Amino acid sequence: MDEILEQALLYDFYGELLTNHQKEIYEQFILEDLSLSEIAETAGISRQGVHDLVKRCQKTLEGYETRLHLVRRFLSIKEKIHELEKLLDSSELTEGNQEELRRQFRELSDSILDVL
């Protein structure tokens, strides 16, 4: 997965667990794509301070994911829902395949429930 997308997802799920100062700096770096120098200038801290804070936030967010696995579960469920959609789009409902379609839907829905 793209590193920026991964960091954005981690922030979406765990960002509220950061301090307000950490959130502000991290949002500017990851979501607003500002440079370390730009952030340092507006925050009144050194470029190195911004760099260290961003790295600390990344490590903190990754630690939450290691323990809680919310992003991994979300992505797994999203993938299974896409599989259900593909199954619907590719299937013609006939009397002969209804039972097989039901079985596949049950299998995918059970796998979603297992993730939850």
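These lines cover the structure that appears in this document, whether it is placed above or below. Model, not experiment: these values are computed from the prediction. Residue numbers run consecutively from 1 along every chain, following the written order of its sequence. Only residues with pLDDT of 70 or above have their local features reported here, since the model is predicted, and side-chain atom pairs are shown and tallied only from 80 upward, although totals for entire chains, interfaces and linings are computed over all residues. To obtain the side-chain values, all non-hydrogen atoms of the structure were used and water was disregarded.

Moving on, we get to helix α6 (residues 98–115). With 18 residues, α6 extends 26 Å between its outermost C-alpha atoms, agreeing within 8% with the 26 Å of an ideal straight helix rising 1.5 Å per residue. Among the residues making up α6, those that are buried are L101, L108, S111, I112 and V115. Each buried residue of α6 sits inside an arc of 105° when the element is viewed along its axis, so together they form one side. Structural note: α6 exposes E107, L113 and D114 on the side pointing more than 90 degrees away from its buried face. Working rule for contacts: check all heavy atoms of both residues, and any pair within 4.5 Å makes them a contact. Numbering of helices and strands starts at the N terminus; helices are DSSP runs of H or I of at least 4 residues and strands are runs of E of at least 2. Of the surrounding elements, those touching the buried residues of α6 are α5 (70–90). Here the expected length of a helix is defined as 1.5 Å per residue gap, with one fewer gap than residues. Each residue is assigned to one of three classes by its accessible area relative to the maximum for its type, calculated with a 1.4 Å probe on protein chains only: buried under 20%, partly exposed between the two thresholds, exposed over 50%. By definition, the arc is the one covered by directions from the helix axis to the C-beta atoms.

Turning our eyes to something else, we now look at unusual backbone geometry. The phi torsion at D33 lies on the positive side, around 60°, for a residue other than glycine. Assignment of secondary structure puts D33 in the loop between α2 (20–31) and α3 (36–43). Even without being a glycine, H69 presents a positive backbone phi close to 60°. Looking at where H69 falls in the secondary structure, it is placed in the loop between α4 (47–68) and α5. Taking relative accessible area as the criterion, H69 reaches 26% and is therefore assigned partly exposed.

Side chains that differ in sign of charge can pair as their charged atoms come close. What makes a salt bridge here is a side-chain nitrogen of Lys or Arg within 4 Å of a carboxyl oxygen of Asp or Glu, nothing more. Within the structure shown, the criterion is met by 2 salt bridges. In this structure, K23 engages E16 in a salt bridge whose closest nitrogen and oxygen atoms are separated by 3.1 Å. For E107, the salt bridge identified is with R103, shortest N-O distance 2.8 Å. Taken as a pair, E107 and R103 lie in helix α6 at a separation of 4 residues, close to a single helical turn. Judged by its relative accessible area of 39%, R103 falls in the partly exposed class.

The subject of this paragraph is the packing of α5 against α6. The angle between two axes is taken between their N-to-C directions and runs from 0 to 180 degrees, where each axis is a line fitted to C-alpha atoms and a helix contributes only its stretch in contact. Packing of α5 against α6 brings their axes to within 9 Å, and their N-to-C directions diverge by 170°. When the axes of α5 and α6 are compared, the pair comes out roughly antiparallel. Along the contact surface, α5 presents R73, S76, I77, K80, I81, E83, L84, L87 and L88, while α6 presents L101, Q104, F105, L108, S111, I112 and V115. Any residue outside Ala, Val, Leu, Ile, Met, Phe, Trp, Tyr, Cys, Pro, Asp, Glu, Lys and Arg is labelled polar, Gly included; the first ten of those are nonpolar and the last four are charged. A breakdown of the residues in the contact of α5 with α6 according to their chemical character gives 10 nonpolar, 3 polar and 3 charged. Throughout this description, any angle smaller than 35 degrees is read as roughly parallel, any larger than 145 degrees as roughly antiparallel, any in the 65 to 115 degree range as roughly perpendicular, and the remainder as oblique.

A few words on α4. A turn of α-helix holds 3.6 residues, and therefore any two residues three or four places apart point the same way. When the terminal C-alpha atoms of α4 are compared, their 32 Å separation across 22 residues agrees well with the 32 Å that a helix rising 1.5 Å per residue should span. All buried positions along α4 are accounted for by V50, L53, V54, C57, Q58, L61, G63, Y64 and E65. On its buried side, α4 packs onto α1 (3–14), α2, α3 and α5. One or two residues past the end of α4 sits H69, with phi positive at roughly 60°.

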